[in-house]
Amino acid sequence: MKKIDLLYEGKAKKVYTTEDPNLLIVDYKDDATAFNGEKKGTIHNKGIINNRVTNHLMKLLEKEGIPTHLVEEISDRETIVKKVTIVPLEVIVRNIAAGSLSKRLGLPEGTKLDSTVLEYCYKDDALGDPMVNNYHIFALHLATQEELDTIADYAFRVNQFLSDYLKDLNIELIDFKIEFGRTPDGKIILADEISPDTCRFWDSKTHEKLDKDRFRRDLGHVEDAYQEIMKRLLGE
Ligand code: TMP
């Protein structure tokens, strides 16, 4: 299967049409941005790592009964995925306080949350992806009640599975962001990526950050952290 037209170029990925109207090819870039595109850089081989890590995790999630857009990895950086309409929500799941939650609620980073926190942000770069609740989502027709129930159910199941899976690899899943899409027949499936760009991964013992916070906060050893995640998940 070959790329035909560039359908969309995002901050970290390019998406191409193919000869099959139901399939797209995603091409992962090394470009990195933070703070809504204000900070820009490159992370060497990030595209390869995020492609491979995302596909590895999506395959495992499929086996757990979470439907995903994954069809087939076709190269280091490219994957065939099902064409979906993205639900314009960033679905964030948090186990430990960090990042914007720590800031907003004054909880020191690393504070364990006594129950899992689910948040939604409206995907709109011009507005800076504002946080919304169920009422905003229904009022703006971003998703139906039934779709949101499915999204929340899948988000908690993804969290449970990934937390347990990563624990065995000495990785603590602090929080993550996922996105969902609608198939032409109206089903909700997991789309986008699950990678060190979109998750906070801390080493279980040292609490060393093994994710994009190293880039966001200029902590150094960014490439090493991405490489370490790939090594722990894929053994290379
Ligand atoms: P936050 O603490 O900055 O709100 O981030 C929560 C999680 O969402 C964290 O794992 C990083 C991820 N994330 C993205 O994937 N994309 C984004 O644009 C932002 C702000 C966060």
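Let us look at the structure shown here. (Residues numbered from 1 in each chain as written. Predicted model: local features only at pLDDT ≥ 70, side-chain atom pairs only at ≥ 80, totals over all residues. Heavy atoms only, no water.)

### Things to note about the site of the ligand
Phase 1 of the analysis: Contacts to the ligand come from 13 residues, most closely from R94, S100, D175, K177 and R200.
Phase 2 of the analysis: In this structure, S100 approaches the ligand through a side-chain N or O atom, which is 2.6 Å from an oxygen atom.
Phase 3 of the analysis: Against a free-state accessible area of 450 Å², the protein chains account for coverage of 75% of the ligand.
Phase 4 of the analysis: For the shell around the ligand, the secondary-structure elements that each account for two or more residues are strand 9 (89-96), helix 2 (99-105), strand 12 (171-182) and strand 14 (199-203).
Phase 5 of the analysis: A per-element tally of the shell around the ligand places strand 12 first, with three residues.
Phase 6 of the analysis: When its residues are assigned to classes, the shell around the ligand shows four nonpolar, three polar and six charged. (Near = heavy atom within 4 Å. Polar contact = N/O pair within 3.5 Å; in protein donor to acceptor, adjacent residues only side chain to side chain. Areas by Shrake-Rupley, 256 points an atom, 1.4 Å probe, with all protein chains shown as cover. Helix = DSSP H or I, 4+ residues; strand = E, 2+ residues; numbered from the N terminus. Nonpolar A, V, L, I, M, F, W, Y, C, P; charged D, E, K, R; others polar.)

### Some words on unusual backbone geometry
Phase 1 of the analysis: Of note, the phi angle at F35 is positive, near 55 degrees, even though the residue is not glycine.
Phase 2 of the analysis: In this fold, F35 is placed in the loop between strand 4 (31-34) and strand 5 (39-42).
Phase 3 of the analysis: Here the phi dihedral of N170 falls at roughly 60 degrees; this positive angle occurs in a residue that is not glycine.
Phase 4 of the analysis: Position of N170 among the secondary structure elements: in the loop between helix 4 (145-167) and strand 12.
Phase 5 of the analysis: Classification of N170 by relative accessible area gives partly exposed; the value is 32%. (Buried < 20%, exposed > 50% of the residue type's maximum accessible area, 1.4 Å probe, protein only.)

### Regarding the pairing of strand 6 (residues 70-73)
Phase 1 of the analysis: By the bridge criterion, three bridges tie strand 6 to strand 7 (residues 78-82) in an arrangement that is antiparallel. Its bridge partner being in strand 7, E72 is matched across the sheet by I80.
Phase 2 of the analysis: The turn joining strand 6 and strand 7, which pair antiparallel and follow one another in sequence, is formed by four residues. (Pairing = 2+ DSSP bridges.)

### A few points about the nonpolar core
Phase 1 of the analysis: L89, Y120, I178, L190 and I194 are the most contacted members of the largest nonpolar core, which totals 48 residues.
Phase 2 of the analysis: Top contributing element to this core by residue count: helix 4, with nine residues.
Phase 3 of the analysis: Not counting residues within four places of it along the chain, the set of residues in contact with Y120 comprises L89, E90, V91, P130, M131, V132, N134, I137, L148, I151 and A152.
Phase 4 of the analysis: Formed by five residues, the second largest nonpolar core is a distinct cluster that contains V15, V26, Y28 and V81. (Core = buried A, V, L, I, M, F, W, Y, C linked by side-chain atoms within 4.5 Å. Contact = heavy atoms within 4.5 Å.)

### Notes on the sheet that holds strand 6
Phase 1 of the analysis: Pairing is antiparallel in the open sheet, where five strands are placed in the order 1-2-3-7-6. With one partner strand each, in any of the chains shown, strand 1 (6-9) and strand 6 form the two edges of the open sheet. Recorded for the sheet is a direction-independent mean angle of 25 degrees between the axes of neighbouring strands.
Phase 2 of the analysis: Of the strands in this sheet, strand 3 (23-28), strand 6 and strand 7 touch helix 1 (residues 46-63), which is tilted by about 130 degrees from strand 6. (Axes fitted to C-alpha atoms, helices over the stretch in contact; angles between N-to-C directions.)

### Regarding the pattern of salt bridges
Phase 1 of the analysis: Inspection of the entire model under this criterion finds 28 salt bridges.
Phase 2 of the analysis: Notably, a salt bridge pairs R104 with E119, separated by 3.2 Å at the nearest N-O pair. Separated by 15 residues along the polypeptide, R104 in helix 2 and E119 in strand 10 (residues 112-122) bring together distant segments of the chain.
Phase 3 of the analysis: The class for R104 is partly exposed, based on a relative accessible area of 42%.
Phase 4 of the analysis: Across the salt bridge formed by E179 and K177, the nearest N and O atoms sit 2.8 Å from each other. The burial state of E179 is the same as that of K177; both residues are buried.
Phase 5 of the analysis: What emerges from the salt-bridge pattern is a single network uniting R94, R104, E109, E119, D175, R200, K209, D213, R216 and R217. (Salt bridge = Lys/Arg side-chain N within 4 Å of Asp/Glu carboxyl O.)

### Comments concerning the packing of helix 1 against helix 4
Phase 1 of the analysis: Closest axis-to-axis distance for the helix 1/helix 4 pair is 11 Å, and the angle between their directions is 120 degrees. Two packed elements cross with a definite hand, and for helix 1 against helix 4 that hand is right-handed. The segment helix 1 lies against helix 4, with H56, L57, L60 and L61 engaging V158, F161, L162 and Y165.
Phase 2 of the analysis: Among the residues making up the contact of helix 1 with helix 4, the classes are represented as seven nonpolar, one polar and no charged. (Left-handed = near helix turned anticlockwise from the far one by under 90°.)

Geometry only, nothing functional implied.
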